[in-house]
Amino acid sequence: MASIREKYTKSGVLFYEIGVSRGRGKSKVYKRWYPADGWSKRTIERELNKAARDFERQVQAGAALGREDKKELARERLREAAKVQTFKEYGENVFMPSKAVSISENTRTVWQQCLNNRIYPAIGDLKMPDITPANISALLLSMQREGLAHATVIKHYSLLSTFFKMAYLNDAIPRNPMDKVERPKPRKGEKTGGEVDAFTADELSYILQCLEGEPLQWRLYVSLLLETGIRRGECCALRWEDIDMESRSITIKGNLCYTPEKGVYLDTPKNGRERTVYFSAALLPLLRQHRQQQSESAVSVYVFTKQGSYEPMHPQSPTRYFSKFGERYGVQGMHPHKLRHSFASVAITNGADIASVSEALGHSDKAVTLRMYTHADQESIKRAGEVFREALKEKQA
């Protein structure tokens, strides 16, 4: 029979740990179960017992594995790598299952789409040891001929590099064909996406003016993205407990994501760690008004929710809203991520240091920020020179 223990996360969220024994000599299997906000004690007890029974049946059927069993299964897959014949077999039986434990669900979905739509049809039936640099170069060249964006071609190149490196290290192939495949170069005159698309300070000012006539929740949402540079999903995942009104700070703890296979789910921030961002005093009244308005229809731990519900806002809803907002007010390219780029670009060109902007954005490395916002940094360098010359001129006068 399953055991049930009431527990709390470090942030104080209630959950129940369901444990099921698999017999002598085998480790116990555990599963976390979270009750929905607003459920009564009776409802929690009923749904929890149901979840425990379902999990016990899964364990008895061998569908649920313990931690050691999962490790052994991963080792077995790697041992089987040398026996796999085709590129697709290796991809489905070894590469994707192994990578799924270390990459985000979004990345897994994108990689699977790249494999299914482009790579498998081209080289999926070829035997792993027989795949040549020419096969791979021909695939990448065909994508360029079709007119696919340079960033899309590079995405496939990077995936193939990761794929064959793993196969080589696991002795599934005697040599890595990617060693002789040149990184694709953009077509003549093609934009590489190296310079990010961002609004100017004047354009952002116009957007803020337009927001005055928008619903309160969206005024707050757009203003937070604009002032902090946080990601769309991070904003959707915000809980009231993450906001400190006194210090005007927000702790970014989660990222609400969506994939067709998994639906909506809560993940960690992209770089896997929490960070703190700050907002202006002008947002305090908006936050208080929004919380009051929200409590009149449904009490929720989340700052942004579905209309009349305690459930968090769907992470794709902002994109749809931004598109309609852009149409209403004539704002070209209105997108949540463009506000993030705008925050960084405007901050850097007005004197903010790269390290601080990188930390606010949640980049894993300052080099990422430098690479993305080189144009903004060059503006800062130019202005720094002008400031120096003006200061020297004053001393000489």
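Here the structure is shown first, and the text comes after it.
## Quick look at the overall build of the protein
Looking only at helices and strands, the protein features 15 helices and 8 strands. Taken across its 397 residues, the protein has 40% of its residues classed as buried. Expressed as a percentage of contacts within the protein between residues at least 6 apart in sequence, the contacts between residues at least 24 apart total 59%. Looking at the protein as shown, the accessible area adds up to about 22,900 Å², and 49% of this sits on carbon and sulfur atoms.

## Side note on the sheet that holds strand β1 (residues 3-8)
If you trace the 3 strands from one edge of the open sheet to the other, you get β1-β2-β3, paired in antiparallel fashion. This sheet does not close on itself; its edge strands, each paired only once, are β1 and β3 (29-33). In this sheet, adjacent strand axes meet at a mean angle of 25 degrees when their direction is disregarded. Of the strand pairs in this sheet, strand β2 (residues 14-20) and β3 are connected by 5 bridges, and their pairing is antiparallel. What sits directly across from Y16, in β3, is W33. Its contacts with the sheet place helix α1 (residues 41-60) against β1, β2 and β3, and it is angled at close to 35 degrees to β2.

## With respect to the pairing of strand β5 (residues 249-252)
Pairing between strand β4 (residues 243-244) and β5: 2 bridges, direction antiparallel. Pairing of I243 across the sheet is with I250, part of β5. Here β4 folds back onto β5 in antiparallel fashion, the turn holding 4 residues, of which R248 has a positive phi close to 55 degrees.

## Here's the deal with the sheet that holds strand β8 (residues 275-278)
The strand order across the open sheet built from 3 strands is β4-β5-β8, with neighbouring strands paired in antiparallel fashion. In this open sheet, the two edge strands, each paired with only one partner strand, are β4 and β8.

## Examining the pattern of salt bridges
Counting across every chain of the model gives 14 salt bridges. R46 serves as the salt-bridge partner of E47, at 3.4 Å between the closest nitrogen and oxygen. Owing to a relative accessible area of 24%, E47 belongs among the partly exposed residues under this scheme. We note a salt bridge from D54 to R57, for which the minimum N-O separation is 2.2 Å. Of the two residues, D54 and R57 are both situated in helix α1; the distance of 3 residues between them amounts to about one turn of the helix. Residues joined in a network through salt bridges with shared partners are R5, K7 and E17.

## Structural notes on the packing of helix α7 (residues 201-211) against helix α11 (residues 317-329)
The contact between α7 and α11 brings their axes to 11 Å, and the two run at 95 degrees. Here α7 is positioned roughly perpendicular relative to α11, judged by the angle of their axes. In this structure, α7 uses Y206, I207, C210 and L211 to contact α11, whose residues at the interface are Y321, F325 and Y329.

Rules used in this analysis
Residues numbered from 1 in each chain as written. Predicted model: local features only at pLDDT ≥ 70, side-chain atom pairs only at ≥ 80, totals over all residues. Heavy atoms only, no water. Helix = DSSP H or I, 4+ residues; strand = E, 2+ residues; numbered from the N terminus. Buried < 20%, exposed > 50% of the residue type's maximum accessible area, 1.4 Å probe, protein only. Contact = heavy atoms within 4.5 Å. Areas by Shrake-Rupley, 256 points an atom, 1.4 Å probe, with all protein chains shown as cover. Pairing = 2+ DSSP bridges. Axes fitted to C-alpha atoms, helices over the stretch in contact; angles between N-to-C directions. Salt bridge = Lys/Arg side-chain N within 4 Å of Asp/Glu carboxyl O. Parallel < 35°, antiparallel > 145°, perpendicular 65-115°, else oblique.

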